[in-house]
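A structural walkthrough
As a plain string of letters, each chain reads:
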Amino acid sequence: MSYTLPPSTSLNNITPINHNFPSSSTPKTLTFPFSIPPKLTLTSTKSSTTANYNDLGLDEEMGRIKRLQNGSDVRGVAVEGEVGRQVDLTPPAVEAIAESFGEWVMNGLVKEKGRPVEDIRVSLGRDPRISGGSLSVAIFSGLGRAGCMTYDMGLATTPACFMSTVLPPFLYDASIMMTASHLPYTRNGLKFFTKKGGLTSVEVEEICDKAAFKYANRVTKVSTLLRTTPTRVDFMSVYAKHLRDIIKERVNHPQHYDTPLEGFQIIVNAGNGSGGFFTYQVLDKLGADTFGSLNLKPDGMFPNHIPNPEDKVAMAVTRTAVLENTADLGIVFDTDVDRSGVVDKDGNPINGDKLIALMASIVLKEHPGSTIVTDARTSLALTKFITDRGGQHCLYRVGYRNVIDKGVQLNEDGSDTHLMMETSGHGALKENYFLDDGAYMVVKIIIEMVRMKLEGSDEGIGSLIKDLEEPLESVELRMNILSESKRAKAEAILIIETFKSYIEEGRLVGWELDACGDCWVSDGCLIDSNDTPAPVDAQMYRAKVSNEEDGQYGWIHIRQSIHNPNIAINMQSTVPGGCLLMARVFLDKFLIASGMERALDFSQIENYIKSGNIS
């Protein structure tokens with residue numbers, strides 16, 4: 001079988017458009033990260049012939065694309081180097097997905113405007129991963145097949161890709177960011193945006209389904225001529241100015257308006273990802289001293305540490321730099337800067353629940369009574385911290401898009417909700433398009449830090465969370481699914497649903513599906529109880545655990561990973577040995593009793609029970 005493009009989407013019919021930018025904001029031309037000849041034929045060394053295509057079968061070919069979906073993203077292995085993992089995010093796969101996204105954008109605009117649309121404009125940014133060059137060519141090719149005009153932003157951040165759809169003079173119809181966040185250099189992926197924000201899991205599934213059909217029906221997987229190169233634009237300078245202007249306007253410094261960060265030393269650890277721009281184009285230009293900053297040079301091999309605010313090494317080296325330089329603040333970005341963490345002037349790492357508490361304290365000053373939405377892995381102490389400040393705490397499903405979408409829904413339903421944060425560091429604000437932007441979140445923290453100084457306080461931002469209690473015990477364990485990858489999702493769902501049944505049937509004494517009080521979410525912080533429940537993208541439940549002596553002393557959260565074939569278990573306890581007790585009950589009374597242990601590698605749980613520590 002073969003797939004033929006309709007005449008309306010032929011590359012021969014695409015006419016480049018000429019933008020007349022205002023002279024004061026003309027983007028600078030970036031050095032293109034790779035060379036694209038005028039007529040480039042993309043080929044795959046593994047292009048299917050008719051014979052092996054028939055051997056593989058249509059379902060297997062389509063499954064290759066569908067399995068690349070990871071919630072609201074697309075992710076896969078793009079470079080050889082992982083033991084037991086084959087390259088699956090290939091140029092042919094990426095081209096089919098990009099083409100389907102372009103068609104999806106075009107169809108949406110046609111429905112919105114009620115007429116045919118022309119000159120659909122889509123931007124592409126990427127982090128410094130070594131697979132970015134070859135995959136970028138495939139993306140531009142796929143978008144061209146769909147009839148889109150393409151714009152290359154070069155090295156960029158995920159939030160900047162969305163902002164390219166709403167900030168003038170760019171105002172693109174859609175954008176793609178190529179990144180795999182904090183995952184190893186061998187991985188890569190795609191995140192999708194329109195002017196309405198990031199796509200949902202359901203929308204990405206629709207796009208991947210269409211891409212799978214295209215891919216499966218092409219005997220030669222890539223045969224497109226890239227006849228026009230994308231237009232190169234320097235959006236990051238415009239985005240950086242946008243952030244600088246926010247700081248200047250909101251600080252409104254009485255002595256030096258244009259350099260409100262004079263007298264502050266701020267250290268940035270960009271992890272060799274895309275976040276170095278924040279040092280050069282934001283902090284330095286606002287007068288900050290950034291001496292001592294780390295890993296600012298983009299390097300797709302990430303040679304120093306995982307670029308991740310949850311990574312202990314990343315936080316530790318930033319802490320050391322803050323203390324050695326007597327800095328006022330340390331900042332840790334992930335690869336694509338949609339997440340961040342900070343270190344206060346005393347060297348205290350602020351991520352996870354602490355970062356949510358810090359942002360909640362800032363937001364609740366500005367918006368008293370606001371609801372704060374988090375994922376259901378946050379502590380009982382964080383709920384107390386939020387409610388003590390007059391806020392409402394809504395626990396919801398793990399997954400940054402789930403948390404953000406819940407906040408959007410609550411606002412639409414009339415519940416004032418200004419902050420949505422996941423414990424991983426994804427934080428979105430109502431005032432910023434409900435966009436999870438690590439740089440914008442740091443901007444909010446910096447503004448508060450400067451305001452405190454102007455008001456005469458020398459305590460620093462860490463003082464805002466000094467009364468946040470930490471859980472006595474907190475443990476995360478993983479169980480790998482033993483079946484082949486294409487069956488892993490179904491196996492995980494079966495195990496997690498069986499876990500739910502065991503609790504509902506009273507087989508685990510003292511365990512009860514949790515919900516955060518008088519809330520919009522029930523059934524283990526999973527199911528919406530309103531009139532418009534959101535679809536469930538991954539199975540997970542939270543159970544509160546009690547006994548006669550201590551009452552409720554902890555909780556356990558079990559969830560299916562959308563990125564890897566495993567199940568994650570999080571536990572917290574307010575009494576000594578509580579997590580160990582929950583782990584024993586989970587293993588003996590559930591896994592072994594139900595027979596589910598045969599489908600899992602539960603060695604992490606066994607080792608934890610034997611040693612009381614996580615190796």
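Whatever comes next refers back to the structure up there.
Just so you know, these numbers come straight off a predicted model, no measurement behind them.

This next bit is on the overall build of the chain. Scanning the chain from N- to C-terminus turns up 16 helices and 27 strands. The buried share of the chain, reckoned over its 615 residues, is 57%. Considering only residue pairs separated by 6 or more positions, the chain has 71% of its internal contacts joining residues 24 or more positions apart. Of the roughly 25200 Å² of accessible surface on the chain, a fraction of 49% belongs to carbon and sulfur atoms.

Turning our eyes to something else, we now look at unusual backbone geometry. Looking along the chain, the bond that leaves Pro 168 and enters Pro 169 is cis, with omega of 5 degrees. Mapped onto the secondary structure, Pro 169 falls in the loop between helix 5 (158-163) and strand 6 (174-178). The phi dihedral of Ser 181 falls on the positive side, at around 55 degrees, and the residue is not glycine. The residue Ser 181 is located in the loop between strand 6 and strand 7 (187-194) in this model. A positive phi angle is found at Tyr 433, which is not glycine, with a value near 65 degrees. Take Tyr 433: it is sitting in the loop between strand 18 (427-429) and strand 19 (435-436).

Before going further, it helps to spend a moment on the sheet that holds strand 13 (residues 340-344). The sheet built from four strands is open, its strands ordered 11-12-13-14 with mixed pairing. Whereas interior strands pair on both sides, the edge strands pair on one side only; in this sheet they are strand 11 (266-269) and strand 14 (349-350). Where strand 11 lies against strand 12 (residues 329-333), four bridges are found, and the strand directions are parallel. The residue bridging Val 268 from the neighbouring strand is Ile 331, located in strand 12. Across the face of the sheet, helix 13 (residues 438-454) comes into contact with strand 11, strand 12 and strand 13 while running at roughly 170 degrees to strand 12.

Counting 73 residues, the largest nonpolar core has Ile 266, Phe 278, Ile 331 and Ile 446 as the members making the most contacts within it. It is helix 13 that provides the largest number of residues to this core, a total of 11 residues. Not counting chain neighbours up to four residues away, the residues in contact with Phe 278 comprise Leu 243, Val 268, Leu 283, Ile 331, Phe 333, Ala 439, Val 442, Val 443 and Ile 446. In this structure, Val 398, Ile 496, Ile 569 and Phe 602 belong to the second largest nonpolar core, which totals 43 residues.

This next bit is on the packing of helix 10 (residues 352-366) against helix 11 (residues 380-388). At a closest axis distance of 10 Å, the pairing of helix 10 and helix 11 adopts a crossing angle of 10 degrees. Taken as axis vectors, helix 10 and helix 11 run roughly parallel relative to one another. Seen from helix 10, the contacting residues are Asp 353, Ile 356, Ala 357, Ala 360, Ser 361 and Leu 364; seen from helix 11, they are Leu 382, Phe 385 and Ile 386. Its residues assigned to classes, the contact of helix 10 with helix 11 shows seven nonpolar, one polar and one charged.

So, about empty space enclosed by the protein. Counted under the stated rule, the structure contains two cavities of 30 Å³ or more. By volume, the largest cavity amounts to about 70 Å³. Taken together, Ser 72, Asp 73, Thr 158, Lys 191, Phe 192, Phe 193, Gly 198, Leu 199, Tyr 400, Arg 401 and Asp 436 make up the lining of the largest cavity. Secondary-structure elements contributing two or more residues to the lining of the largest cavity are strand 7 and helix 12 (400-412). For the lining of the largest cavity, the element with the highest residue contribution is strand 7, accounting for three residues. Here the lining of the largest cavity is built from residues that sort into four nonpolar, three polar and four charged. Of the pockets and cavities examined, the second largest cavity occupies roughly 30 Å³. For the second largest cavity, the full set of lining residues is Tyr 400, Val 403, Ile 404, Met 420, Met 421, Glu 422, His 426, Gly 427, Ala 428 and Asp 436. Contributions of two or more residues to the lining of the second largest cavity are made by helix 12, strand 17 (417-421) and strand 18. At three residues, the largest contribution of residues to the lining of the second largest cavity is made by helix 12.

What counts as what
- Residues numbered from 1 in each chain as written.
- Predicted model: local features only at pLDDT ≥ 70, side-chain atom pairs only at ≥ 80, totals over all residues.
- Heavy atoms only, no water.
- Helix = DSSP H or I, 4+ residues; strand = E, 2+ residues; numbered from the N terminus.
- Buried < 20%, exposed > 50% of the residue type's maximum accessible area, 1.4 Å probe, protein only.
- Contact = heavy atoms within 4.5 Å.
- Areas by Shrake-Rupley, 256 points an atom, 1.4 Å probe, with all protein chains shown as cover.
- Pairing = 2+ DSSP bridges.
- Axes fitted to C-alpha atoms, helices over the stretch in contact; angles between N-to-C directions.
- Core = buried A, V, L, I, M, F, W, Y, C linked by side-chain atoms within 4.5 Å.
- Parallel < 35°, antiparallel > 145°, perpendicular 65-115°, else oblique.
- Nonpolar A, V, L, I, M, F, W, Y, C, P; charged D, E, K, R; others polar.
- 1 Å grid on protein atoms, 1.4 Å probe; cavity = no way out; pocket = protein on both sides within 12 Å on 5 of 7 lines; lining within 4 Å.
- Points joined across faces, edges and corners; volume = space filled by probe spheres on them.

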